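Secondary and tertiary structure notes
Residue strings, one per chain:
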There are 2 protein chains.
Amino acid sequence: MKDKFEFAQDLIRQAVTYVRNRMTEDLQIEEKTRFDDLVTNIDKDTQDFMVSRIQANYPDDYILGEENDLYHDVKEGHVWVLDPIDGTVNFIAQGRDFAVMIAYYEEGLGKFGLIYDVTGGNLYSGGGQFEVTCNGKPLSSYQNRPLFRQLLGANGRMYADNYLGLADFAQELLGVRVLGSAGISMSRVLEGQLFGYCSSISPWDYAAASIMGEKLGYELLTMTGEPLDYKSRQAVMFIPKAEVARVKKVIHK
Amino acid sequence: MKDKFEFAQDLIRQAVTYVRNRMTEDLQIEEKTRFDDLVTNIDKDTQDFMVSRIQANYPDDYILGEENDLYHDVKEGHVWVLDPIDGTVNFIAQGRDFAVMIAYYEEGLGKFGLIYDVTGGNLYSGGGQFEVTCNGKPLSSYQNRPLFRQLLGANGRMYADNYLGLADFAQELLGVRVLGSAGISMSRVLEGQLFGYCSSISPWDYAAASIMGEKLGYELLTMTGEPLDYKSRQAVMFIPKAEVARVKKVIHK
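A few points on the structure. In this text the structure is predicted, and so the values were computed from the model without any measurement.

Here is what the cut-offs are and how they apply
All residue numbers refer to position in the chain's written sequence, counted from 1. Chain labels run from A onward and ligand labels from 1 onward, assigned in the order the entries are written. A pLDDT threshold of at least 70 governs which residues receive local features in this predicted model, and a stricter bar of 80 or more applies before side-chain atom pairs are shown or counted, although totals over entire chains, interfaces and linings include all residues. Excluding hydrogens and water, the side-chain values take into account all heavy atoms of the structure. The rule for pairing is simple: two strands pair if DSSP sees at least two bridges between them. Only runs of H or I of at least four residues qualify as helices and only runs of E of at least two qualify as strands under DSSP, and these elements are numbered from the N terminus. Angular values range over 0 to 180 degrees, each being the angle between N-to-C directions of two axes fitted as lines to C-alpha atoms, with helices fitted over their stretch in contact. Whether two residues are in contact is decided by their heavy atoms, any of which lying within 4.5 Å being enough. To pair, rings of Phe, Tyr and Trp, with the six-membered ring standing in for Trp, must have centres within 6.5 Å; the planes then decide the type, stacked if under 30 degrees apart, edge-to-face if over 60, and tilted in the middle. A 1.4 Å probe rolled over the protein chains alone gives each residue an accessible area, and that area as a share of the maximum for its type sets the label: buried under 20%, exposed over 50%, partly exposed in between. Any Lys NZ or Arg CZ found within 6 Å of a ring centre and within 35 degrees of that ring's normal is scored as a charge over the ring. In this comparison the copies share one frame, found by least squares on the C-alpha atoms of residues holding pLDDT of at least 70 in both. A side-chain nitrogen of Lys or Arg and a carboxyl oxygen of Asp or Glu constitute a salt bridge if their distance falls within 4 Å. Summed over both partners, the accessible area lost on bringing two parts together, with a 1.4 Å probe, is the buried area. Each polar contact in these results corresponds to two N or O atoms within 3.5 Å; when the atoms are within protein, one needs to be able to donate a hydrogen and the other to accept it, and residues that are neighboring in sequence are counted only if both atoms are side-chain atoms. For this scheme, ten residues count as nonpolar: Ala, Val, Leu, Ile, Met, Phe, Trp, Tyr, Cys and Pro. Four count as charged, namely Asp, Glu, Lys and Arg, and the remainder, Gly too, count as polar.

This brings us to the sheet that holds strand 14 (residues 234-240) of chain B. All names here are of chain B. Within the open sheet, the five strands sit side by side as 11-10-12-14-13. Their pairing is mixed. The open sheet has two edge strands with one neighbour each: strand 11 (175-177) and strand 13 (218-222). In this sheet, neighbouring strand axes are inclined to one another by 25° on average, regardless of whether the strands run parallel or antiparallel. Pairing of strand 10 (residues 151-154) with strand 12 (residues 196-201), which is carried by three bridges, proceeds in the parallel orientation. Bridge pairing in strand 12 places G153 opposite Y197. Contacts between helix 6 (residues 182-190) and the sheet are confined to strand 12, strand 13 and strand 14, with strand 12 contributing the most and set at about 155° to the helix.

To continue, consider the packing of aromatic side chains. Per the stated rule, a full pass over the model turns up 34 aromatic pairs over all chains. Look at B:F5 and B:F130: their rings are 4.2 Å apart centre to centre, the planes differ by 20°, and that puts the pair in the stacked class. One end of the pair, B:F5, is in helix 1 (residues 2-22); the other, B:F130, is in strand 8 (residues 130-134), with 125 residues separating them in the sequence. Exposure class is identical for B:F5 and B:F130. Each is buried. For the cation-ring pair, A:K4 lies above A:Y58, with the distance from its terminal atom to the ring centre recorded as 4.6 Å.

Now for unusual backbone geometry. A positive phi angle, near 50°, is found at A:E107, a position not held by glycine. Tracing the backbone shows A:E107 in the loop between strand 5 (99-106) and strand 6 (109-117).

Before going further, it helps to examine the relation of the copies chain A and chain B. Aligned on chain B, chain A shows an RMSD of 0.0 Å; the corresponding rotation is 180° and the shift along the axis is 0.0 Å. Taken together, the turn and the small shift mark the pair as related by a two-fold rotation axis. Of the residues that chain A buries at the interface, 100% are likewise interface residues in chain B, meaning the two copies contact each other through the same surface.

Should the charged atoms of two oppositely charged side chains come close, the side chains can pair. Residue and element names in this part refer to chain B. Inspection of the entire model under this criterion finds 26 salt bridges over all chains. The partner of R34 in a salt bridge is D36, and the shortest N-O contact between them spans 2.5 Å. Given the relative accessible area of 47%, R34 is considered partly exposed. For E214, the salt bridge is made with K241, and the minimal N-O distance between the two is 3.5 Å. Here E214, found in helix 7 (residues 203-216), pairs with K241, found in the loop between strand 14 and helix 8 (244-250); they are 27 residues apart in sequence, far enough to count as distant. By relative accessible area, which is 38% here, K241 ends up partly exposed.

As a further point, take the pairing of strand 8 of chain B. All names here are of chain B. With four of its five residues buried, strand 8 lies for the most part within the structure. Pairing of strand 7 (residues 122-127) with strand 8 involves three bridges; the strand directions are antiparallel. Across the sheet, residue Y124 finds its bridge partner in strand 8, namely C134. A loop of two residues connects strand 7 with strand 8, the two strands running antiparallel in sequence, and G128 in this loop sits at a positive phi of about 65°. By the bridge criterion, two bridges tie strand 8 to strand 9 (residues 137-138) in an arrangement that is antiparallel. Following the sheet pairing, C134 is matched in strand 9 by K137. Hairpin connection between strand 8 and strand 9: a loop of two residues separates the two successive antiparallel strands, and N135 in this loop has a positive phi of roughly 50°.

By a widely used convention, the size of an interface equals the accessible area lost when the partners come together. Across the contact, 33 residues belong to chain A and 33 residues belong to chain B. When residues of chain A are sorted by the area they lose upon contact with chain B, A:Q94, A:R149 and A:L174 head the list and together hold 20% of the total. At the boundary of chain A with chain B, the tally comes to two salt bridges. In this structure, the salt-bridge partner of B:R188 is A:D97, at a minimum N-O distance of 3.1 Å. Across the chain A-chain B interface, the total number found is 13 residue pairs in polar contact (both at pLDDT 80 or more). Of the residues belonging to the side of chain A that touches chain B, the class tally is 16 nonpolar, eight polar and nine charged.

Have a look at this one:
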């Protein structure tokens, strides 16, 4: 597993270099499900680049990728979960606050995850048997702090709609931050900068953070408190395990 | 004016060093008007540090500061506007995404502004007779781009409440980002990363960005389209001058 983890770290660095080298190009932008669900040629090409490297090195492994209809159930076999650019809207509009993400599963068990904040220059990696680090520096487990001195990362629309009581819950905290990238937001949770993160996201958006968070005292659940299906887009919360009962009292069906 | 601008650049760098050196201390946090309107001892001490440097060098100048009840009308005389830590909640909860800001006025005319994104390591400065730069690199004037490929920076509560139609307007864009600091948000507008920024803020929050923005084709108005009073907290919009008429059609009284 150590070799595979090292391969994954090399791979994500190469993918980030690939994205950085192509960021100055004119983007070809396509709408997927709606006007704000966008994909660019660089998302697709970066995923292809990662897929070809994985297939060359681990020809028997499976891949679940955000782009190009690359689906495989994480519960079956050895599965790489890839998000070539998480926060594509930020990538297009801001040129910042987007991430490359990789997660690796064996028979449904998360072995390690990686989030690379491309413009911030931070690589978060670890989980499973590996310590969780940011650029090699170990991250601490969740430190209990009063809720009213913490911030929540959230999807802006879900917050505005008070989805399942999300805005009510936010009132117990200092407020919300809407950053527009699950990877960036969840890496801030792992750093202890945000209390948690609520959004409507898919397996490639949450797999890496979930595996690392497990190791640092965080839990990823649907907003109604159920385990995720690792298949569809779901409304999720990524919060400290120690606070799940408390959050469940406010976030309601 | 050139000497004063250089003094201001030295001063903001010293203030940032001062903040960085004290960031690891235990903070003394006080509530100002409400539970999420916070100030720390470092906000206050940093402002005192800046004030003493200005008074030593320009004893006849006036100061309008966020902290310590330091009020002077920007329209009268030579006035320094100081925000020692913009985004104090981010400073406390995230340890990132906060700014030190300085603006300088003579008889109500903005001469230059400076925003230092402390953890991002970016100094935005210029306006008046000075080119607007980020770390010495000139920033471009607003480049016209389709609204539906741009993002809006906003105050989370005003967005959620659809204040004056803010959320309706956001629907013409890719979405909103809630960053929790006027200085950080408006520096992203100056960089062309955000289309504009809407929030309820005070003179020390907007003075520096307003002076720099003027030079790059941006305008700062109340959300109902009036000039600001530079005295009280007001709901403002910081948007491209070329788009003011269009925005006014959607943002309504």
